[in-house]
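Reading the structure
Residue-level listing of the chains:
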Amino acid sequence: MTKRIAVALYTTVAISLTGLPAAAQTSATAATGVQAENLYWIQIEAQPTLSEAEARARVYAARLDGVNGFRIGGNWYGIILGPYTEAAANIQLRSLKNARLIPRDSFITFSNKLRQQFWPVGANTLNTSPLEASDTPDPATEQTPPPAEGDQLASVAQPDATAPVLTAPEPTRDETRREALDSERLLDRDARKALQVALQWEGYYTSAIDGAFGAGTRRSMAAWQTDRGYDPTGVLTTRQRDEVLTAFQTVIASLGLRPYEDAQAGISVAIPAAMVEFSRYEAPFVHFDSKDDSGVRVVLISQTGDQDTLYGLYDILQSLEIVPVDGPRKRKKNAFTIEGADGKITSYTQAELVDGTVKGFTLIWPVGDEKRRNKVLQDMKASFTSLGSQALADNAGLDAATQSLDLLSGLEIRRPAMSRSGFYVDAKGTVLTTAEAVAGCTRITLNEDYVAEVTAVDDARGLALLTPQDPLAPLAHAAFLAVDPRLKSDVAVAGYSYEGRLNAPSLTYGNLSELTGLNGEAELNRLTLAALPGDAGGPVLDAGGAVMGMLLPNQASKGRSLPEDVSFALDAASVTTFLAEHGITPDATEASATLDPVDLSARAADMTVLVSCWK
């Protein structure tokens, strides 16, 4: 806003205080007890902090009369002119805008929008009489000589019966190209760079921000002028420069970019203070939650560590909900970046090894607002600084933290939509699972670490075949029983019963109750075994460790439930036929001696896989 005021002062427009058709003057009959709700005011600025607002009020008060400061709600502080009647407010707003003494986005507001007054200190302007508009010009002012060039228009007339009559001047013409060049030469380097930044924000300027108005800058100015119906001279007039800067500054004000320094974390960085607010420490993170439903979040990263710490953090962050799966990742020797986007958020994370610590940040932004997000990210990246070896203590904030398997230091861990079991069927790491486990998935992982692709699905049999993207070398793979299993024999199902909440598969014991399904299905085996949903897709083993088939999901039909200990498996013959149809020659074995439970459990664990479906 300071630059806009400076630009206005460069103009040579003489502001006349006399001889205009409608006057604003103090009413001699105004009652001192005017009701506050009848007053009109002109709001010219709003600042997010009291100190900034007081500083701006001083600047305006040095040039204009009647400058006030009020809290205006939402933790904002307004710079306000007034009070006026409605007619006087309209005259003053128009006059001051035409004279470019106040921002072009200034507007009329009302007493009920104003709260506690902070400027002038101790004043109570809400109880003063308003300035009124008079249709009769003061004769005395008709004899008053015009002011010298450069005089300023007072924003509030003094309560004096002989005060000069203020009227709306004729709209000033815009500058010629020569005049625009003359006023442009008065801009210092910073003001020129600010104009380039604003044009860049609008998408017109794409070159370096250097303050030099070369061919690229001139082309961007001409394009901006053309799009807004101005003569494309390639030189912005004072009024046009103000329009460009005002539009940009309005956006910047909505972000509230402010420097933030955290002594505990040892970090200094610019944050969008209008969008986020400090929430808590939960080592190794400093949390800033969304403010006023902005949907924006910031997480600062700070912990003591080395390269192993950095690499571990790189892996952990990618398991969190705030880091979508899709997006580029770059890990270097001493730093990494992670980008991600989905239908709801875009996320950017950077961290580096510096001063014996790992420090960085994550910016989470709702989709559809990329322009403002890119501005904030640019400033955060440029301003991020380590303040030395200080880092968050390992237990910072953990006493009050919510302890949950689904949270990591206050951040939600990404969880798959569904997890089922599967097992290796060859030495290359090919996995067999249930068709249910892969239905509608956008991504499939094995043991949450390895991405796999669906290479075959047989909905009739309920089977799916998965191939890992990277070659795997499983410790064991299935050997299928080549003879009919013995009725009533002991069996065990290996599976991730609790869908991955345990780190290893568990064995559920039971027996083979029938060699067909309840309706005589020859390919099914009925088991007396209390399986859980996560077990589906796991191998059914006999006492010697041979695979008798694959456990199917619950077979209960609609409107009918089965006893908890009733489960069904697709037999080995049906499974091996499916594998052969898709180019896999499965291993076969005859019935063998009973394995010790410990050995059986180890064999089952080596071949069983957690299959996770991500959506």
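These numbers were taken from a predicted model, which means no experiment stands behind them.

**Topic: the overall build of the protein**
Helix and strand counts for the protein come out as twelve helices and 33 strands. Pairs at least 24 apart in sequence give 65% of the contacts found in the protein among residues at least 6 apart.

**Things to note about the environment of Ala482**
Structurally, Ala482 is set in the loop between strand 25 (479–481) and strand 26 (490–495). On a C-alpha basis, the gap between Ala482 and Ala591 in space is 7.9 Å, while along the polypeptide they are 109 residues apart. Apart from the residues within four sequence positions on either side, Ala482 is in contact with Ala588, Thr589 and Glu590.

**A short note on the sheet that holds strand 33 (residues 608–614)**
The sheet built from six strands closes into a barrel, its strands ordered 20-21-24-23-22-33 with antiparallel pairing. Averaged over all neighbouring strand pairs, the angle between strand axes comes to 40 degrees, with direction disregarded. As paired strands, strand 21 (residues 431–434) and strand 24 (residues 463–468) are joined by four bridges and run antiparallel to one another. Its bridge partner being in strand 24, Val431 is matched across the sheet by Leu466. Along the sheet face, helix 11 (residues 572–581) touches strand 21, strand 23 (450–458) and strand 24 and points at about 50 degrees away from the line of strand 24. The strands touched by helix 12 (residues 597–607) within the sheet are strand 20 (418–424) and strand 33, with strand 33 carrying the most contacts at an inclination of about 35 degrees.

**Notes on unusual backbone geometry**
Look at the link from Gly82 to Pro83: it is a cis peptide, with omega at 10 degrees. Examined against the element boundaries, Pro83 turns out to sit in strand 4 (residues 76–84). For the peptide bond that leads from Ala283 to Pro284, omega is 5 degrees, which places it in the cis range. The residue Pro284 is located in the loop between strand 10 (276–282) and strand 11 (285–290) in this model. The backbone phi angle of Asn447 is positive, close to 55 degrees, even though this residue is not glycine. Considering the arrangement of structural elements, one finds Asn447 in the loop between strand 22 (443–446) and strand 23.

**Things to note about the packing of helix 6 (residues 189–201) against helix 8 (residues 238–255)**
Running from N to C, helix 6 and helix 8 cross one another at 70 degrees; their axes reach a closest spacing of 9 Å. Between helix 6 and helix 8, the angle falls in the class roughly perpendicular. Seen from above, helix 6 lies across helix 8 with left-handed handedness. In this structure, helix 6 uses Ala194, Leu195, Val197, Ala198, Leu199 and Trp201 to contact helix 8, whose residues at the interface are Arg241, Val244, Leu245, Phe248 and Val251. Here the residues of the contact of helix 6 with helix 8 are counted per class, giving ten nonpolar, no polar and one charged.

Thresholds, definitions, all that
- Residues numbered from 1 in each chain as written.
- Predicted model: local features only at pLDDT ≥ 70, side-chain atom pairs only at ≥ 80, totals over all residues.
- Heavy atoms only, no water.
- Helix = DSSP H or I, 4+ residues; strand = E, 2+ residues; numbered from the N terminus.
- Contact = heavy atoms within 4.5 Å.
- Pairing = 2+ DSSP bridges.
- Axes fitted to C-alpha atoms, helices over the stretch in contact; angles between N-to-C directions.
- Parallel < 35°, antiparallel > 145°, perpendicular 65-115°, else oblique.
- Left-handed = near helix turned anticlockwise from the far one by under 90°.
- Nonpolar A, V, L, I, M, F, W, Y, C, P; charged D, E, K, R; others polar.

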